[in-house]
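The lines below spell out each chain.
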Amino acid sequence: MQGLLNDKQLNDLQGKDTKDIVFVAEIGETIVGSSAYSRYWVSAIYVHPQYVRQGIGRELLKAIERKALSENINTLAVCASITAKPFYERSGYQEFGEAYIISSTGIYIPYIRMQKWLSSATEGEHSQSEDLTAICRFLQWILIGK
């Protein structure tokens, strides 16, 4: 996780605008979790370990899904960690492949590619989702040769 955070900080310092929309969960004045979304992608969901299994992650994900629908986006994808796969499955996401990324520090991080149709899609919207799947596979092929 630290390798991914370092990559994010490097992107910020290098002026690369990720255009993430961030949601923050608070209890009182304490930040207990956050999520990030970037057009078609769930970038991150994090809940402080003291607050897990209280529905906070589910609410953060719902906030992302509502935002996507408000932007007429009907399909979301996520590169889920292996331990987060059950969370996304319970939220209606389906697996469509496994891969890994390499952090800037050379750490191999396995993940599960998952996606969810947020509403009943028309034929055109479904094609858009198929394009997203093809793009993910193409990027995986470029990055790791598979």
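My aim in this report is to walk through the structure given alongside it, one point at a time. These numbers come from a predicted model, not from an experiment. (Residues numbered from 1 in each chain as written. Predicted model: local features only at pLDDT ≥ 70, side-chain atom pairs only at ≥ 80, totals over all residues. Heavy atoms only, no water.)

## Points about the environment of F87
Within the fold, F87 resides in helix α3 (residues 85–90). Here the alpha-carbon distance between F87 and G57, two residues 30 residues apart in the chain, equals 8.6 Å. Ignoring any residue separated from it by four or fewer positions in sequence, one finds F87 in contact with I45, G57, R58 and L61. (Helix = DSSP H or I, 4+ residues; strand = E, 2+ residues; numbered from the N terminus. Contact = heavy atoms within 4.5 Å.)

## Section: the packing of aromatic side chains
Following the criterion strictly, the structure yields three aromatic pairs and no others. Measuring from ring centre to ring centre gives 5.0 Å for F87 and Y88, while their planes differ by 75°; the resulting arrangement is edge-to-face. Taking the relative accessible area as the measure of exposure, Y88 reaches 5% and is therefore buried. When the centroid spacing of 5.1 Å and the interplanar angle of 50° are considered together, the rings of Y100 and Y108 count as tilted. Since its relative accessible area comes to 53%, Y108 is described here as exposed. Through a chain of ring-to-ring contacts, three or more aromatic side chains come together here, namely F87, Y88 and Y93. (Phe/Tyr/Trp six-rings, centres within 6.5 Å; stacked < 30°, edge-to-face > 60°. Buried < 20%, exposed > 50% of the residue type's maximum accessible area, 1.4 Å probe, protein only.)

## Focus: the pairing of strand β2 (residues 30–38)
Pairing of strand β1 (residues 21–27) with β2, which is carried by seven bridges, proceeds in the antiparallel orientation. Paired with V24 across the bridge in β2 is S34. In this antiparallel pair of consecutive strands, β1 and β2, the connection spans two residues, and G28 shows a positive phi of 65°. Linking two consecutive strands that pair antiparallel, namely β2 and strand β3 (residues 41–47), is a turn of two residues; a positive phi of about 75° is found at Y40 within it. (Pairing = 2+ DSSP bridges.)

## Quick look at helix α2 (residues 56–70)
Helix length check: α2 (15 residues) gives 21 Å between terminal C-alpha atoms against 21 Å at 1.5 Å per residue, within 8%. Elements in contact with the buried residues of α2: β1, β2, β3, β4 (75–80), α3 and β6 (108–117). Phi for N72, located one or two positions after α2, is positive at around 60°. (Expected span 1.5 Å × (residues − 1).)

## Points about a nonpolar patch on the surface
On the surface, a cluster of nonpolar side chains totalling about 280 Å² of accessible area is made up of V22, V24 and I31. Position of I31 among the secondary structure elements: in strand β2. (Patch = residues over 30% accessible without salt bridge, like charges linked within 9 Å, V, L, I, M, F, W, Y side chains within 5 Å. Areas by Shrake-Rupley, 256 points an atom, 1.4 Å probe, with all protein chains shown as cover. Salt bridge = Lys/Arg side-chain N within 4 Å of Asp/Glu carboxyl O.)

## As for the environment of M114
Looking at where M114 falls in the secondary structure, it is placed in strand β6. Linking M114 and Q94, residues 20 residues apart in sequence, is a C-alpha distance of 5.2 Å. When neighbours within four sequence positions are excluded, M114 is seen to be in contact with L76, A77, V78, A80, K85, Y88, E89, Y93, Q94, E95 and F96.

## Describing unusual backbone geometry
Residue Y40 is not a glycine yet carries a positive backbone phi of 75°. Of note, Y40 is situated in the loop between β2 and β3. Residue classification places Y40 among the buried residues on the basis of a relative accessible area of 18%.

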